[in-house]
There are 2 protein chains.
Amino acid sequence: MSEHSASAGNVAAEGRAAPIELYTYYRSSAAYRVRIALNLKALAYEAIPVHLLRGGGEQRQAAHLARHPLGLVPVLHTDEGWFTQSLAIIEWLDEAHPSPALLPADRAARARVRAIAQAIACDIHPLNNLRVLQYLANELGVDEARKNAWCRHWVDIGLAGVERMLAEDPRTGRFCHGDAPTLADCCLVPQVFNARRVGARLDDKPTIARIVQACEALDAFRHAAPANQPDAE
Amino acid sequence: MSEHSASAGNVAAEGRAAPIELYTYYRSSAAYRVRIALNLKALAYEAIPVHLLRGGGEQRQAAHLARHPLGLVPVLHTDEGWFTQSLAIIEWLDEAHPSPALLPADRAARARVRAIAQAIACDIHPLNNLRVLQYLANELGVDEARKNAWCRHWVDIGLAGVERMLAEDPRTGRFCHGDAPTLADCCLVPQVFNARRVGARLDDKPTIARIVQACEALDAFRHAAPANQPDAE
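What you see is a predicted model, and the numbers here were worked out from it, not measured in a lab.

Rules behind the numbers
- Residues numbered from 1 in each chain as written.
- Chains lettered and ligands numbered in written order.
- Predicted model: local features only at pLDDT ≥ 70, side-chain atom pairs only at ≥ 80, totals over all residues.
- Heavy atoms only, no water.
- Pairing = 2+ DSSP bridges.
- Helix = DSSP H or I, 4+ residues; strand = E, 2+ residues; numbered from the N terminus.
- Axes fitted to C-alpha atoms, helices over the stretch in contact; angles between N-to-C directions.
- Contact = heavy atoms within 4.5 Å.
- Phe/Tyr/Trp six-rings, centres within 6.5 Å; stacked < 30°, edge-to-face > 60°.
- Buried < 20%, exposed > 50% of the residue type's maximum accessible area, 1.4 Å probe, protein only.
- Least-squares fit on C-alpha atoms with pLDDT ≥ 70 in both.

**Student:** So what exactly am I meant to see when it comes to the sheet that holds strand 4 (residues 81–84) of chain A here?
**Tutor:** Residue and element names in this part refer to chain A. Overall, mixed pairing links the four strands, which are arranged 2-1-3-4 in an open sheet. Where the open sheet ends on each side, the last strands, each with one partner, are strand 2 (45–49) and strand 4. Along the sheet, successive strands turn relative to each other by an average axial angle of 20°, direction set aside. Pairing of strand 3 (residues 75–78) with strand 4, which is carried by four bridges, proceeds in the antiparallel orientation. Paired with T78 across the strands is G81, a residue of strand 4. Across the face of the sheet, helix 2 (residues 29–40) comes into contact with strand 1 (20–24), strand 2 and strand 3 while running at roughly 155° to strand 1.

Below, the structure written as structure tokens:
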């Protein structure tokens, strides 16, 4: 059991014996989202690292492809089965372990939270994924400077859109939606971590900056950060 | 009201006056998903075209940015508000208009359907989006042949993964999950439409081919196809 399990004691006390296993990589944005959700729900889990760079990528080896045919992390293994895709995993967690809720009760609000999450998960993050950057470099001969400009471009225009979704909507509170963290915050914080890495502008996105600061004040987010993972380098 | 409204009469008969408006582009894969979902639920809607290529892209003009800060289609407008992101829109439709259900009742099954949908919506489609291909050509000087190879690469490895998710799981039926169409089929059919356009291999993906054939036998899918839209060129 990883030392990052938020509450192994609590879970044992509730009598749930089957451990949750998370196949993860410390710097994967998608795995980071699921780590935050697990921590927010105080669910103990075993972190099983899959190294995306070692040996040509452990995620492309047969052992991992048996868990996830697309060769990606995260994968969650529970007593209900194997789950892939970070947003689908978090929705499952929210249905299987409803408290605290990561989606609002009202369906229009739920659609808003999902839309913010998907703006990040569908329209920003996939373009800066490791395998995409490897293709740009190896197949298209894109040099480091233009590769970084590519990353900054998608992060900048994507987060500028998310900033407007947040700043212009009265439903935004201390967090992306209201005053408690949701699925949207689980996606925003890892994306901002990536934005800082690639040197994208954040000073012109004050709502995002304020919300991320509120998130990073919470242990659930801090303990999920890449630097605090057992496989961090 | 578009002639593609599946059942304007039914909706009027039920006394729901507020029309559903869909901001759409005939060739947008994400809009295509929502059109299928609306048709499966026999919901009448007004199709309002947003031309992604005309005038530098109508989706980037102020009128559309007011609807969707990221400047993308689809956008759905209903009496409950404005909704963006195709998967969030379809989940909202499923909650607001539960029959026929596009997600299974069992939560592990629901997670599987969402994972198939997201494998397409997060790991395949974003890489072949129009704006990405424009960046490859305009900013990185990637020629037509290498741009097409890029498209085929992501579609081919992505759909190969989806094929395994479908072929190796006994829960796959006539459709992606069981014997009725779900959110996963709403995503698969538009992705296969794109795959054909870029000349990706499909002959080595027999489960996908079989399911798409079953989908395309249904009016809900046929009426949603790009060629059958009012803005088709």
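**Student:** How do you make sense of the pairing of strand 3 of chain A when you look at a structure like this?
**Tutor:** Look at any regular strand and the pattern is simple: side chains alternate between the two faces of the sheet. Residue and element names in this part refer to chain A. The sheet contact formed by strand 1 and strand 3 spans three bridges and is antiparallel. Within strand 3, the residue paired with E21 across the bridge is H77. Taking the residues that link successive antiparallel strands as the turn, the strand 3-strand 4 hairpin has two residues.

**Student:** Just checking my understanding: could you explain the packing of aromatic side chains for this structure?
**Tutor:** Aromatic ring pairs are reported here in terms of the distance separating the ring centres and the angle at which the planes meet. Scanning all chains against the criterion turns up 15 aromatic pairs over all chains. Ring centres 5.3 Å apart and planes at 80° place the aromatic pair W150 of chain A and Y135 of chain B in the edge-to-face group. Here Y135 of chain B lies in helix 6 (residues 130–138) and W150 of chain A lies in helix 7 (residues 144–167), a pairing that spans two chains. A relative accessible area of 0% means that W150 of chain A is categorised as buried. A centroid spacing of 5.7 Å and a plane angle of 80° characterise the contact between W150 of chain B and W154 of chain B, whose relative ring orientation is edge-to-face. Of the two residues, W150 of chain B and W154 of chain B both sit in helix 7 (residues 144–167), four residues apart, roughly one turn of that helix. With respect to class, W150 of chain B is no different from W154 of chain B; both count as buried.

**Student:** Is there a simple way to explain the relation of the copies chain A and chain B in this structure?
**Tutor:** Between the two chain copies there is a screw-like relation: a rotation about an axis and a shift along it. Expressed as a screw operation, the relation of chain A to chain B combines 0.0 Å of axial shift with a rotation of 180°, fitting to an RMSD of 0.0 Å. Both chain copies can therefore be described as sitting about a two-fold axis. The C-alpha atom lying nearest the rotation axis in chain A is that of C122 of chain A; the distance is 2.3 Å. In this assembly, 100% of the residues forming the interface of chain A have copies in chain B that are likewise at the interface, indicating an isologous arrangement.

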